[in-house]
Amino acid sequence: MDKILQPWPWYVSGPLIALIMAILILLGKRFGMSSNLRTICAIGGAGKVADFFRFDWKAQRWNLIVAIGAVLGGYIAINFLSNDAAVTIGQDSIEALKELGITDGGSSYMPALLFGEGVFSSTKTIFFLLVGGFLVGFGARYAGGCTSGHAISGLSNLQLPSLIAVIGFFTGGLLMVHFIFPLIF
């Protein structure tokens, strides 16, 4: 059970991801999560309002199973496979988090400052959640896919636009964490 409860090393998880991607490529499928929102909207009839949602959504039903599996897998992991111990992080990281006001770094998976129930009582935090959610959703569609779609599926297909998108994702993440996040909080 300890093997399941701990993060898997790269030499196990990496080849498993590669195997799944090889199977999807052989089947002519592309992996990504943001396209599921488009599929759900098309199923709900959004094609009557916007051309973007007029497509053969039935061909994408298999990807909805991936999304459902991710949600169910997360539920099972947190409720049945979690030993309530946080992932071990370095002392330097814990100190850097404390400087940003995150006092529970290294003792919980998700900092209460960002993920606790108290975030919904702050107008500032609700504003950032709404704007951030919109920007992530818009960005995923504008980039032609989400981080998982580009980084896993696009790169495995050797697509240059996916490489550019992944470089942009990492650059944006680094800028956010090191420059914008300290200004906001």
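Residues numbered from 1 in each chain as written. Predicted model: local features only at pLDDT ≥ 70, side-chain atom pairs only at ≥ 80, totals over all residues. Heavy atoms only, no water.

Asks: Sorry if this is basic, but what is going on with the overall build of the chain here?
Replies: Helix and strand counts for the chain come out as 9 helices and 0 strands. Listing the helices and strands of the chain from first to last along the sequence gives α-α-α-α-α-α-α-α-α. Expressed along its principal axes, the backbone C-alpha trace of the chain runs to roughly 50 × 40 × 35 Å. Looking at the chain residue by residue over its 185 residues, the buried ones come to 19%. Considering only contacts within the chain whose residues lie at least 6 apart along the sequence, 49% involve residues at least 24 apart. Carbon and sulfur atoms provide 71% of the accessible area of the chain, an area that totals close to 13,400 Å². Where the 11 positive side-chain charges of the chain centre and where its 9 negative ones centre are 20 Å apart. (Helix = DSSP H or I, 4+ residues; strand = E, 2+ residues; numbered from the N terminus. Buried < 20%, exposed > 50% of the residue type's maximum accessible area, 1.4 Å probe, protein only. Contact = heavy atoms within 4.5 Å. Areas by Shrake-Rupley, 256 points an atom, 1.4 Å probe, with all protein chains shown as cover. Lys, Arg positive; Asp, Glu negative; His and termini not counted. Charge placed at Lys NZ, Arg CZ, Asp CG, Glu CD.)

Asks: Help me understand the state of the cysteines, please; the structure alone is not making it clear to me.
Replies: Disulfide: a covalent bond formed between the sulfur atoms of two cysteine residues. Taken as a whole and assessed by the stated rule, the structure comprises 0 disulfides. Left without a disulfide partner, Cys41 is nearest to the cysteine sulfur of Cys146, which lies 15 Å away. By relative accessible area, which is 27% here, Cys41 ends up partly exposed. (Disulfide = S-S within 2.5 Å.)

Asks: In this structure, what is going on with the pattern of salt bridges? I would like to understand it.
Replies: If you walk through the whole model with that rule in mind, you get 1 salt bridge. Put simply, Arg54 and Asp51 hold a salt bridge, and the shortest N to O gap is 1.9 Å. (Salt bridge = Lys/Arg side-chain N within 4 Å of Asp/Glu carboxyl O.)

Asks: Is there a simple way to explain the confidence of the model for the chain in this structure?
Replies: Caution is warranted with low-pLDDT regions, since their predicted coordinates should not be read in detail. Mean pLDDT over the chain stands at 84; residues scoring 70 or higher make up 97%. The secondary-structure element of the chain with the lowest mean pLDDT is helix 1 (residues 2–5), recorded at 72, while helix 2 (residues 10–26) shows the highest, at 89. (pLDDT = per-residue confidence, 0-100.)

Asks: Sorry if this is basic, but what is going on with the packing of helix 2 against helix 8 (residues 147–156) here?
Replies: Two elements in contact, helix 2 and helix 8, have axes separated by 10 Å at closest approach and are oriented at 60°. Compared by their axis directions, helix 2 and helix 8 come out oblique. Taken as a pair, helix 2 and helix 8 cross one another with a handedness that is right-handed. Together, Ile17, Met21 and Ile25 of helix 2 and Ile152, Ser153 and Ser156 of helix 8 make up the contact between the two elements. Here the contact of helix 2 with helix 8 is composed, by residue class, of 4 nonpolar, 2 polar and no charged. (Axes fitted to C-alpha atoms, helices over the stretch in contact; angles between N-to-C directions. Parallel < 35°, antiparallel > 145°, perpendicular 65-115°, else oblique. Left-handed = near helix turned anticlockwise from the far one by under 90°. Nonpolar A, V, L, I, M, F, W, Y, C, P; charged D, E, K, R; others polar.)

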